[in-house]
There are 2 protein chains.
Amino acid sequence: MKCYYCNKEAIEEAYGKAYCEEHFIKYFLGKVRSVIDKFNIRGKIAVALSGGKDSSACFHALNKFKFDLLPFHINLGIKYYSNKCQVEAEKLCNLLGYDLEVIYLEEYGIDLEKYEKPCSICGTAKRYLMNKFAYENNCKYVATGHNLSDVVTFAMNNVITGNILNFRGNKPFLEENLEYKLVAKVKPIYYLKDKECMLYAMINELPYAEEECPHAENAPTLRLKRWLHEMETEMPGMLLNMARSFWRIEEKIREEVNLNKCIKCGYASYGKICKFCKLRKKC
Amino acid sequence: MKCYYCNKEAIEEAYGKAYCEEHFIKYFLGKVRSVIDKFNIRGKIAVALSGGKDSSACFHALNKFKFDLLPFHINLGIKYYSNKCQVEAEKLCNLLGYDLEVIYLEEYGIDLEKYEKPCSICGTAKRYLMNKFAYENNCKYVATGHNLSDVVTFAMNNVITGNILNFRGNKPFLEENLEYKLVAKVKPIYYLKDKECMLYAMINELPYAEEECPHAENAPTLRLKRWLHEMETEMPGMLLNMARSFWRIEEKIREEVNLNKCIKCGYASYGKICKFCKLRKKC
């Protein structure tokens, strides 16, 4: 199959068009640009690097747009996994000429290995630390490597588990609320699927950790993601429509929540003490 | 495998329990009763019989609860299909000792065969005629044979096509609004899956048409339903959770719409003239 835009051999197809390497990269960056333009992203961005393919692709793409970027990595302290992730994030930063800031979860006294179900703890900690890092470093945004596959899987998992009232994160952009030290959040690769991020990382020979987190290995969300991709293969565009639907649903059902300032750390909290400070207390 | 409640051979499993024929029937009727009790259904019910397994099972189950039932059938005038459906609905009524009222879509001047995509026309016509029939016959409710599989497939199809703002019909019960001649709607088999309705119909040897509507044969919703059932097999309870999620979402996002009385027929309408009267005018 030939590329839709030139005569070279196509390597990928998306929404009815075939792409050669060069035009696939243009397609990929065009999708990133559409998020940047739609939400008028201008200013310093803290870029969360997990060490995986998605955040590597996200960082590499943002770097093409000449933003003021501050890459950082949260070392989660998970044996045989976290250090590998950090190494890959460091390699990528070396390659692109950045220093990598590393935050160690251990330094906050949190040991994920002690929990039977560490995933929600990990989520709380990452959300908190990402925001804190960006805020303290005068960044206007935190950029994360959540892609289309992630967003739809996460939302569908909420539907499947009946966890509807906790519907959030379905949108590519979340406004800042500086009174409560909340930095804006952006998902630059929101419109791109797993496979496309992988391909972008491979074409650009980006270093990334191939390992899945050991705690996620049997997660029902991985099975769900596989199904969603199978369905997408038969109904191209389904994932995108789903993401938009969940995004619109989120806008309709999110109720105004009363934010407080955590009495311990001063960051945004639903209760008197924020989830992260409660977590630290337990440890 | 033995029945969870007795020592007989099990014929079906649901949510971790195995059932013999006798206890499966009890399980099925228990699910119907839970809808009746939850929404306090009391009074005359117009029961829509399509001739298919679901509405047959629904009618048969309601008949067990000694309601005042008025079964009716809408003959859609679809060649090689509608007459077969009517015959099966008649057989069922004979069996249970009821007369079947038949409404002919043809008498309203609507010929579905003339449309390239007749499904939405058919939906509009059925919704209108079901309500009108129930209202004119002093019924407090219309009962339809929408089951769990239908409800979840319909809602997911809305998500997949991005048709979120038209989110409706995800709830087992819709209140009456008699000022606008709107009768309450109930889905007695809301908690039961396709396979369970089929089994109920087979055990009770109910007559029903096995044919799919020729216009639905290649519908993407059939493919979607297959997927959802495959997922349900691996994650039992998923469909139920999804139904509840969509039900809750519907409650959150449905906006108040200004109802009018159609200037032609006097029934509820969003505009000056209702969709059904507009449809008749076009024919």
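Coordinates for the structure precede this section.
Quick notes on the rules
- Residues numbered from 1 in each chain as written.
- Chains lettered and ligands numbered in written order.
- Predicted model: local features only at pLDDT ≥ 70, side-chain atom pairs only at ≥ 80, totals over all residues.
- Helix = DSSP H or I, 4+ residues; strand = E, 2+ residues; numbered from the N terminus.
- Rg over C-alpha atoms; globule rule 2.2 N^0.38 Å.
- Buried ≥ 20, exposed ≤ 12 C-beta atoms within 10 Å, placed from the backbone.
- Contact = placed C-beta atoms within 7 Å.
- Nonpolar A, V, L, I, M, F, W, Y, C, P; charged D, E, K, R; others polar.
- Pairing = 2+ DSSP bridges.
- Right-handed = clockwise from strand over helix to strand, strands pointing away.
- Axes fitted to C-alpha atoms, helices over the stretch in contact; angles between N-to-C directions.
- Left-handed = near helix turned anticlockwise from the far one by under 90°.

Looking at the overall build of chain A
Reasoning step 1: Within chain A one finds nine helices and ten strands.
Reasoning step 2: Radius of gyration (C-alpha) of chain A: 19 Å, near the 19 Å computed for a compact globule of 283 residues.
Reasoning step 3: For chain A, the spread of C-alpha atoms along the three principal axes comes to 60 × 40 × 40 Å.
Reasoning step 4: Residue burial in chain A is summarised as follows: out of 283 residues, 37% are buried.
Reasoning step 5: For chain A, restricting intrachain contacts to residue pairs at least 6 apart in sequence, the fraction spanning at least 24 positions comes to 69%.

Quick word on the interface of chain A and chain B
Reasoning step 1: Contacts between chain A and chain B engage 17 residues on the former and 17 residues on the latter.
Reasoning step 2: Among the elements of the structure, α5 (148-161), α7 (220-234) and α8 (238-253) of chain A are those that each provide at least two residues to the side of chain A that touches chain B.
Reasoning step 3: No other element matches α8 of chain A, which puts nine residues into the side of chain A that touches chain B.
Reasoning step 4: Its residues placed into classes, the side of chain A that touches chain B shows ten nonpolar, four polar and three charged.

Quick notes on the pairing of strand β5 (residues 101-104) of chain B
Residues and elements named next belong to chain B.
Reasoning step 1: As paired elements, strand β4 (residues 69-75) and β5 share four bridges and run parallel to each other. Following the sheet pairing, F72 is matched in β5 by E101.
Reasoning step 2: Taken together, β4, helix α3 (residues 82-96) and β5 constitute a β-α-β crossover, and its handedness is right-handed.

Quick word on the pairing of strand β3 (residues 45-48) of chain A
Regular strands place their side chains on alternate faces of the sheet.
Residues and elements named next belong to chain A.
Reasoning step 1: The side-chain alternation of β3 yields two buried faces, one formed by I45 and V47 and the other by A46 and A48.
Reasoning step 2: Looking at chain direction, β3 and strand β4 (residues 69-75) are connected through four bridges and run parallel. For A46, the partnering residue across the bridge sits in β4 and is L70.
Reasoning step 3: For the crossover that starts at β3, traverses helix α2 (residues 53-64) and ends in the parallel β4, the hand is right-handed.
Reasoning step 4: When β3 meets strand β6 (residues 141-143), the two strands line up parallel, connected through three bridges. Bridge pairing links V47 to A143 in β6.

Thoughts on the environment of S82 of chain B
All names here are of chain B.
Reasoning step 1: Counting through the fold element by element, S82 comes out in helix α3.
Reasoning step 2: Put simply, S82 and G51 are 31 residues apart on the chain and 8.8 Å apart in space, counted from C-alpha to C-alpha.
Reasoning step 3: Among residues more than four places away in sequence, those in contact with S82 are N75, L76 and G77.

Some details on the packing of α5 of chain A against α7 of chain A
All names here are of chain A.
Reasoning step 1: Contact geometry of α5 with α7 gives a least axis separation of 9 Å together with a crossing angle of 115 degrees. Our pair here, α5 against α7, has a crossing hand that is right-handed. Where α5 abuts α7, its residues S149, V152, T153, M156 and N157 lie against T221, L224, K225, L228 and H229.
Reasoning step 2: Split by residue class, the contact of α5 with α7 holds four nonpolar, five polar and one charged.

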